[in-house]
Amino acid sequence: MSYSIEEVARALGARAFGATEIAVDGVAEPADAGPADLALAMKPDYAEGLAKGRARAAVVWDGADWQAMGLEAALVAPRPRYVMSGLTKLLDPGQGWGGGIHPSAVIDPEAELAPDVAVGPLAVICGGARIGAGSVIGPQAFVGTDAVLGEGALLREGVRIGARVRIGARFIAQPGCVVGGDGFSYVTPETSAVEQGRATLGDIDGAQAQSWTRIHSLGGVTIGDDVELGANCTIDRGTIRDTAVGDGTKIDNLVMIGHNVIIGRDCLLCGLVGIAGSTRIGNNVVLAGKTGVSDNIFIGDNVITGGGTIVLSNIPAGRMMLGYPAMKMETTVEVFKGFRRLKRLFEDVSGLKKTVTDLSQKS
Amino acid sequence: MSYSIEEVARALGARAFGATEIAVDGVAEPADAGPADLALAMKPDYAEGLAKGRARAAVVWDGADWQAMGLEAALVAPRPRYVMSGLTKLLDPGQGWGGGIHPSAVIDPEAELAPDVAVGPLAVICGGARIGAGSVIGPQAFVGTDAVLGEGALLREGVRIGARVRIGARFIAQPGCVVGGDGFSYVTPETSAVEQGRATLGDIDGAQAQSWTRIHSLGGVTIGDDVELGANCTIDRGTIRDTAVGDGTKIDNLVMIGHNVIIGRDCLLCGLVGIAGSTRIGNNVVLAGKTGVSDNIFIGDNVITGGGTIVLSNIPAGRMMLGYPAMKMETTVEVFKGFRRLKRLFEDVSGLKKTVTDLSQKS
Amino acid sequence: MSYSIEEVARALGARAFGATEIAVDGVAEPADAGPADLALAMKPDYAEGLAKGRARAAVVWDGADWQAMGLEAALVAPRPRYVMSGLTKLLDPGQGWGGGIHPSAVIDPEAELAPDVAVGPLAVICGGARIGAGSVIGPQAFVGTDAVLGEGALLREGVRIGARVRIGARFIAQPGCVVGGDGFSYVTPETSAVEQGRATLGDIDGAQAQSWTRIHSLGGVTIGDDVELGANCTIDRGTIRDTAVGDGTKIDNLVMIGHNVIIGRDCLLCGLVGIAGSTRIGNNVVLAGKTGVSDNIFIGDNVITGGGTIVLSNIPAGRMMLGYPAMKMETTVEVFKGFRRLKRLFEDVSGLKKTVTDLSQKS
């Protein structure tokens, strides 16, 4: 698919200059750009690469002297990072599948698919599933019994949506992600060592061998509109009520969302984040990669964590957190500085003790 | 499926009161309950919601005045958390598939399936596999060459069981989990930088570029009875002998069990736990979410870790551990408190040094 | 498949002694060995088990008195750990599938497969895909549009290779791994709270609710020769240019490689490692289990991290690192020692303050 610079400008709400009839069919970094690529030279640093590449047109910063850079056409957009969104959407070649229902797909006659739904090879759609207009169910994907997908869903290859999961519009799921596994919930006939340990924080003396009995997950998963899920991430069903993910929330690869968790709107959960059962996360929360959150706690709106943060207790709204255990970012930054001087601190205190002992004896 | 309160009571070994002929087909939190739901009001706090919902019957605490709560029938069970297990089992609607062998499944003629085994659409069962009575092999699941599954197995959609894996009775595997990937085991022709580094704990001067040669995994995986595996978790094959998981152990989503690892009975391994190669874990061990365990170490019976614990060395039986590095929970709790006061400590020591220097000069 | 001791010796470049015509078809630990197993007794400790087992032949250390151990034949190899590589390769029975193209596989007529490529049941190969000689595409695996696999690839069951991914020779991918999911890249119309927070490290006052707009991934993934990927690991596509993994690099289960990441040659990335977007990793880098690496940073050649390390900033070449935050291993080892004495340190300083106050008043 190829577009003129003028068409690109119109789609992005950007301004176009020069030979706006030039056609482009991809984007590239300046040094790698061929003549049919739109180069990304939104900052003077990036523009240096233009001489090495062969771009005829580029996205440049406001006020750039694009002609002096050897370009024949240029686009200027107000917020360069934001323009990437429109540009990449326009020029995304997609996965190359989709369109029609592949004869190898196994679709239960009781499933309801909007007339234009595409289903890839070897996908399975169970009875009672309802799939909205314009959705694409990828190769080898699975949609369970009575599951509901809103309009415009895209399930990449091998995605698994379990029974009774309900998902809003414009859902995107990367390969291998799983929605609707059973929750990890077990109980012992007697009070378990974990329950005891939580109560006392002490070691368990003479803990009895006990075996775990499963609590089945009767709840489902409810997912809002415009949610995206990363490759091989997992979201478990609730025990009684549904696990829930709010509108606009984006979840990265290998993230684990436990049973009964409730996540608000417009959150970002980065790679390898784990959220244990029954925890509630507010709106606009950003959890950096490898953040872990304990069960049965609460994280307020607009909280941001740094990489590797382990959250063991509630966080009020608006906090930036870092560390293990999670503390205010400025506190953890001080602690991290302290680590580097800790050996010296021990030596100083040891020295002081000697000096003070001497002084005491003298006085 | 619907049950009278009397039937539910009998199944749970609970006592029933009132109009025990009332039928229920689900459970719900008190405020969400409809007239066909059994409300869960095991604590006075929960019972408040009954007024908002429409439940006619509820599970209540011993001694509760259920009639005053507006109920027509009530169940009383000795350990409320435990009763959840029986209740949810009774009322679990399941995944809606199962029953018969789907014609799209690919089953090698050399596989041996008990007569009542169900196989979902597009599942693959290889030659020499043996699958026990009452098992359900889900849609798009895979059972490898010579793999053995005991009676009553349930493989959810897309589960992968590799060649020669042996699994006991009543196995449950959530979507996408993988048993029997190859171990992560490589060797260099000369002593590698990792081997050197482990020996010296120091930086590597002038490390030579070396490439890694694969050690193939010839062992399998042996899994006991009543084991459950979470979505997208992975258990690798052993190098020479089998990787092993004991009876009754439950493993959560995205857990990684390395090659040659031996895990005992009745353990709980929560989400995103990782156990590196050749480590042994005792019985009744509970590893909280995101716990990591080094290779070639030993964790004793009844050990419990807190969330995010990184275990770098052996742990004796019965310990509660927390932190990075893992220490006794009470020690780590003290260390965490110390973090919050660390900046102040540096200031105090700095102040003391000045005062002591002054005193020394005076004396 | 069975081999004489002489054949094994020749394949490994090892020396053989005794009745070298004895045939073996597997390897085993000494105590578990049957008469057709080659026992692994490379150290005197291991040799003790020989008496319990029934091995007739073993791999022994240089100078071992194998006849005194009751063996009929022995192999001696210079670097015992390295010999494991050749031995296990020789005796690997494989997965028991492969050979021909299964009629249930869905192969687009526009895909180009070398004549000897094997394709398992229910695999999908899309149009424009090119698959090199001797490759085995496992059951239920997926190869996307225009993806390229070099010669000798092995995709285990359920592996997903997305559109336009390019992979070199001798690639091995364990079950469920995903190459070519979309990158986790989003932008807000206005400067986001994350961008603000990174600038100020402070809490976000009155952060506005904003929703995230997707930046599509137009880049692919380029993978070199001799790369191996673990079960359920994920590698995302780049935004504009490709995410890249160098020759000889091995990646373990549940590892997450973000978009635009560049990884060098001969690295080892162990289980549950996560590398955030646009980070560059040098050659011969070893990241231990659960290591996390921030986005947009650089890790030099030959760096080694210990288990659970969280890397928040660049690391120069050759360093051994440990901890959260990552510091030189010796520094972190000191810090970990300090943790154990931290409570005492606070007490000491508190005691000193009292003593010094008393001394000051006296003087």
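In this numbering scheme, every chain counts its residues from 1 along its sequence in written order. Whichever chain is written first is A, and whichever ligand is written first is 1; the rest continue in order. For this predicted model, a pLDDT threshold of at least 70 governs which residues receive local features, and a threshold of 80 or more governs which side-chain atom pairs are given and counted, while totals over whole chains, interfaces and linings are taken from all residues. In computing side-chain properties, one takes all heavy atoms of the structure into account and sets aside hydrogens as well as water.

Visitor: Got a sec to walk through the overall build of chain A? Specific residues and values, please.
Guide: Going along the chain from the N terminus, every DSSP run of H or I of four or more residues is numbered as a helix, and every run of E of two or more is numbered as a strand. Secondary structure summary: chain A contains six helices and 39 strands in total. The atom set for the radius of gyration is the C-alpha atoms, and the globule formula is 2.2 Å times the number of residues raised to the power 0.38. For 363 residues, the compact-globule estimate of 2.2 N^0.38 gives 21 Å, and chain A exceeds it by more than 25% at 27 Å. In terms of principal-axis extent, the alpha carbons of chain A reach across some 90 × 70 × 30 Å. A simple rule labels every residue: compare its accessible area, found with a 1.4 Å probe on the protein chains alone, to the largest value its type can have, and call it buried under 20%, exposed over 50%, or partly exposed in between. By the burial criterion, 62% of the 363 residues in chain A qualify as buried.

Visitor: A description of the pattern of salt bridges should follow, citing residues and the corresponding values.
Guide: Counted as salt bridges are all cases of a side-chain nitrogen of Lys or Arg within 4 Å of a carboxyl oxygen of Asp or Glu. Within the structure shown, the criterion is met by 48 salt bridges over all chains. A salt bridge links Arg-10 of chain C to Glu-6 of chain C, with the nearest nitrogen and oxygen atoms 3.5 Å apart. Here Glu-6 of chain C and Arg-10 of chain C lie together in helix H1 (residues 5–12), a separation of four residues that amounts to about one turn. Its relative accessible area of 60% is what places Arg-10 of chain C among the exposed residues. By relative accessible area, Glu-6 of chain C is classed as partly exposed at 42%. With a closest N to O distance of 3.1 Å, Asp-182 of chain C and Arg-214 of chain C form a salt bridge. With Asp-182 of chain C in the loop between strand E20 (178–181) and strand E21 (186–187) and Arg-214 of chain C in strand E22 (residues 213–214), this pair connects stretches of sequence that are 32 residues apart. Taking the relative accessible area as the measure of exposure, Asp-182 of chain C reaches 10% and is therefore buried. One network of salt bridges, with partners in common, ties together Arg-156, Glu-157, Glu-228 and Lys-250 of chain A together with Asp-182, Arg-214 and Arg-237 of chain C.

Visitor: Tell me about the interface of chain A and chain B, and name the residues and values.
Guide: The interface of chain A with chain B comprises 85 residues on the first partner and 77 residues on the second. Of the roughly 6400 Å² buried where chain A meets chain B, counting both sides, 64% is carbon and sulfur surface. Three residues, Phe-184, Trp-212 and Tyr-324 of chain A, lead the burial of chain A against chain B; their summed loss comes to 11% of the area buried on that side. Between the two partners, chain A and chain B, sit four salt bridges. Residue contacts are defined here by distance: any two heavy atoms, one from each residue, within 4.5 Å place the two residues in contact. Buried area is a sum: the accessible area each of two parts loses on coming together, probed at 1.4 Å, counted once for each and added.

Visitor: Explain helix H5 (residues 329–340) of chain C to me, using residue names and the numbers behind them.
Guide: Since the α-helix packs 3.6 residues into each turn, any two residues three or four apart lie on the same face. Helix span, as expected, comes to 1.5 Å for every residue beyond the first. Between its first and last C-alpha atoms H5 of chain C spans 17 Å; for twelve residues at 1.5 Å apiece the expected length is 16 Å, and the two agree. Of the residues making up H5 of chain C, those classed as buried are Met-329, Thr-332, Val-335, Phe-336, Gly-338 and Phe-339 of chain C.

Visitor: Give me the packing of aromatic side chains: which residues, what numbers.
Guide: In this description, an aromatic ring pair is defined by two values, namely the gap between the centres and the angle between the planes. Note on ring pairs: Phe, Tyr and Trp rings are taken, using the six-membered ring of Trp, and paired if centres are within 6.5 Å. Classes follow the plane angle, with under 30 degrees stacked, over 60 edge-to-face and the rest tilted. Tallied over the full model, the rule gives twelve aromatic pairs over all chains. An aromatic cluster of at least three residues, connected via ring pairs, comprises Tyr-324, Phe-336 and Phe-339 of chain A, Tyr-324, Phe-336 and Phe-339 of chain B together with Tyr-324, Phe-336 and Phe-339 of chain C. One cation-aromatic arrangement involves Arg-341 of chain A over Phe-346 of chain B; the distance from NZ or CZ to the ring centre is 4.2 Å. Two conditions define a charge sitting above a ring: the NZ of Lys or the CZ of Arg must be within 6 Å of the ring centre, and it must be within 35 degrees of the ring normal.

Visitor: Quick rundown of the interface of chain C and chain B? Include the residues and the values.
Guide: Chain C puts 78 residues into the contact, and the matching count from chain B is 85 residues. For the pair chain C and chain B, the two sides together bury roughly 6500 Å², of which 64% comes from carbon and sulfur. Counting the surface chain C buries against chain B, the share from its top three residues, Arg-79, Phe-339 and Phe-346 of chain C, is 10%. On the surface where chain C and chain B come into contact, there are four salt bridges. With its nearest N and O atoms 3.3 Å apart, the salt bridge here joins Arg-241 of chain B to Glu-29 of chain C. Identification of polar contacts relies on pairs of N or O atoms within 3.5 Å, with a donor-acceptor requirement for protein atoms, meaning one able to donate a hydrogen and the other able to accept it, and with residues adjacent in sequence counted only if both atoms are side-chain atoms. Applying the counting rule to chain C against chain B returns 31 residue pairs in polar contact (both at pLDDT 80 or more). Residue assignment for the side of chain C that touches chain B shows that the elements contributing at least two residues are strand E4 (26–28), helix H3 (80–91), strand E27 (250–251), strand E30 (268–269), strand E38 (320–322), H5 and helix H6 (342–362) of chain C.

Visitor: Quick one: what's the story with the relation of the copies chain A and chain B, residue by residue and with numbers?
Guide: In this comparison the copies share one frame, found by least squares on the C-alpha atoms of residues holding pLDDT of at least 70 in both. You can overlay chain A on chain B at an RMSD of 0.0 Å; the transform is a turn of 120° with a shift of 0.0 Å along its axis. On the angle and the small slide along the axis, the relation comes out as a three-fold axis. Comparing interface residues between copies, only 19% of those in chain A also lie at the interface in chain B; the contact surfaces differ.

Visitor: Lay out the nonpolar core in plain terms, naming residues and giving numbers.
Guide: Phe-339 of chain A, Phe-339 of chain B together with Phe-339 of chain C are the most contacted members of the largest nonpolar core, which has 72 residues in total. Those residues in contact with Phe-339 of chain B that lie beyond four places of it in its chain are Tyr-324, Pro-325, Met-327, Val-335 and Phe-339 of chain A together with Phe-339 of chain C. Put simply, a nonpolar core is a bunch of buried Ala, Val, Leu, Ile, Met, Phe, Trp, Tyr and Cys residues held in one set by side-chain atoms that sit within 4.5 Å of each other.

Visitor: Tell me about the sheet that holds strand E28 (residues 256–257) of chain A, residues and numbers included.
Guide: Two modes of strand pairing occur in sheets, parallel and antiparallel, and in both the strands are linked by backbone hydrogen bonds. All names here are of chain A. The criterion for strand pairing is that DSSP finds at least two bridges linking the strands in question. Across the sheet, ten strands lie side by side as E8-E11-E14-E17-E20-E25-E28-E31-E34-E37; this open sheet has parallel pairing. Of all the strands in the sheet, just strand E8 (106–107) and strand E37 (310–311) have a single pairing partner and so form its edges. Sheet topology places strand E20 (residues 178–181) next to strand E25 (residues 234–236); three bridges connect them, and they run parallel. Residue pairing across strands places Val-178 opposite Thr-234, the latter belonging to E25.

Visitor: Let's hear about the domain arrangement of chain A: which residues, and what values?
Guide: As a measure of interface size, the accessible area lost when the parts come together is often cited. Each assigned domain of chain A is listed with its residue range as follows: domain 1 (3–91) and domain 2 (328–362). Throughout, the edges of the domains are those of an automatic or database domain assignment. Averaged C-alpha coordinates put domain 1 of chain A and domain 2 of chain A at centres separated by 56 Å.

Visitor: How would you explain the packing of helix H1 (residues 5–12) of chain B against helix H3 (residues 80–91) of chain B if you had to name every residue and give the values?
Guide: Each pair of packed helices can be summarised by the angle the axes make with each other and by the distance between the axes. Residue and element names in this part refer to chain B. Direction vectors running N to C along H1 and H3 enclose 125°, while the axes themselves pass 10 Å from each other. The orientation of H1 with respect to H3, classified from their angle, is oblique. In terms of crossing hand, the pair formed by H1 and H3 is right-handed. Facing H1, whose interface residues are Val-8, Ala-11 and Leu-12, H3 presents Val-83, Gly-86, Leu-87 and Leu-90. Its residues assigned to classes, the contact of H1 with H3 shows six nonpolar, one polar and no charged. A fitted line through C-alpha atoms serves as each axis, taken over the contacting stretch for helices, and the angle formed by two N-to-C directions is quoted from 0 to 180°. For classification purposes, angles smaller than 35 degrees are called roughly parallel, those larger than 145 roughly antiparallel, those between 65 and 115 roughly perpendicular, and all remaining angles oblique. Handedness of a crossing is defined here by the sense of rotation of the near helix relative to the far one, left-handed for an anticlockwise turn of less than a right angle and right-handed for a clockwise turn. In this classification, Asp, Glu, Lys and Arg are treated as charged, Ala, Val, Leu, Ile, Met, Phe, Trp, Tyr, Cys and Pro as nonpolar, and every other residue, Gly included, as polar.

Visitor: Can you tell me about the pairing of strand E6 (residues 57–60) of chain A, naming the residues and giving the values?
Guide: All names here are of chain A. A two-sided burial pattern is seen for E6, the buried positions comprising Ala-57 and Val-59 on one face and Ala-58 and Val-60 on the other. In the sheet, strand E5 (residues 37–41) pairs with E6 via four bridges, with the strands oriented parallel. Opposite Leu-40, over in E6, you have Val-59 as the bridge partner. With four bridges connecting them, E6 and strand E7 (residues 73–76) associate as parallel partners.

Visitor: I'd love a proper account of the sheet that holds strand E2 (residues 15–18) of chain A, names of residues and values included.
Guide: Residue and element names in this part refer to chain A. Pairing is mixed in the open sheet, where five strands are placed in the order E2-E7-E6-E5-E4. The open sheet has two edge strands with one neighbour each: E2 and strand E4 (26–28). The average undirected angle you get between the axes of adjacent strands in this sheet is 25°. The strands that helix H1 (residues 5–12) touches are E2, E5, E6 and E7; relative to E7, the one it contacts most, it runs at about 0°.

Visitor: Tell me about the packing of helix H6 (residues 342–362) of chain A against helix H6 (residues 342–362) of chain B, and please be specific about residues and values.
Guide: Running from N to C, H6 of chain A and H6 of chain B point in directions that differ by 35°, and their axes come no closer than 10 Å. In this structure, H6 of chain A crosses over H6 of chain B, and the sense of that crossing is left-handed. Here Leu-342, Arg-344, Leu-345, Asp-348, Val-349, Leu-352, Thr-355, Val-356 and Leu-359 of chain A of H6 of chain A lie close against H6 of chain B, whose contacting residues are Leu-342, Leu-345, Phe-346, Val-349, Leu-352, Lys-353, Val-356, Leu-359 and Ser-360 of chain B. Its residues assigned to classes, the contact of H6 of chain A with H6 of chain B comprises 13 nonpolar, two polar and three charged.

Visitor: With reference to specific residues and values, describe H3 of chain B.
Guide: Its twelve residues place the ends of H3 of chain B 16 Å apart at the C-alpha level, agreeing with the 16 Å of an ideal helix rising 1.5 Å per residue. Within the span of H3 of chain B, buried status applies to Val-83, Met-84, Ser-85, Leu-87, Thr-88 and Leu-91 of chain B.

Visitor: An account of the state of the cysteines is needed here, citing residue identities and associated values.
Guide: In protein chemistry, a disulfide is the covalent bond that joins the sulfur atoms of two cysteines. The disulfide criterion is simple: two cysteine sulfur atoms within 2.5 Å. Under the defined criterion, the tally for this structure stands at zero disulfides over all chains. Unpaired in terms of disulfides, Cys-126 of chain A finds its nearest cysteine sulfur in Cys-177 of chain A, a separation of 16 Å. Cys-267 of chain C forms no disulfide, and the closest cysteine sulfur to it belongs to Cys-270 of chain C, at a distance of 11 Å. Take Cys-267 of chain C: its relative accessible area is 0%, and that puts it in the buried class.

Visitor: Describe unusual backbone geometry, naming the residues involved and giving the relevant values.
Guide: Residues and elements named next belong to chain A. Between Tyr-324 and the following residue, Pro-325, the backbone shows a cis peptide bond with an omega angle of 5°. Among the structural elements, Pro-325 can be located in the loop between strand E38 (320–322) and strand E39 (327–328). Positive phi, normally seen in glycine, also occurs at Asp-146, with a value near 60°. Mapping Asp-146 onto the fold places it in the loop between strand E14 (142–143) and strand E15 (148–149).

Visitor: Can you tell me about the pairing of strand E7 (residues 73–76) of chain C, naming the residues and giving the values?
Guide: All names here are of chain C. Here E7 shows a buried face lined by Ala-73 and Leu-75 and a second buried face lined by Ala-74 and Val-76. Where strand E2 (residues 15–18) meets E7, four bridges bridge the pair, whose relative direction is antiparallel. Residue Arg-15 lies in a different strand from E7, and its bridge partner there is Val-76.

Visitor: Can you explain the environment of Pro-30 of chain C? Please cite residues and give values.
Guide: Of note, Pro-30 of chain C is situated in the loop between E4 and strand E5 (37–41). Under the relative-accessibility criterion, Pro-30 of chain C is labelled buried at 7%.

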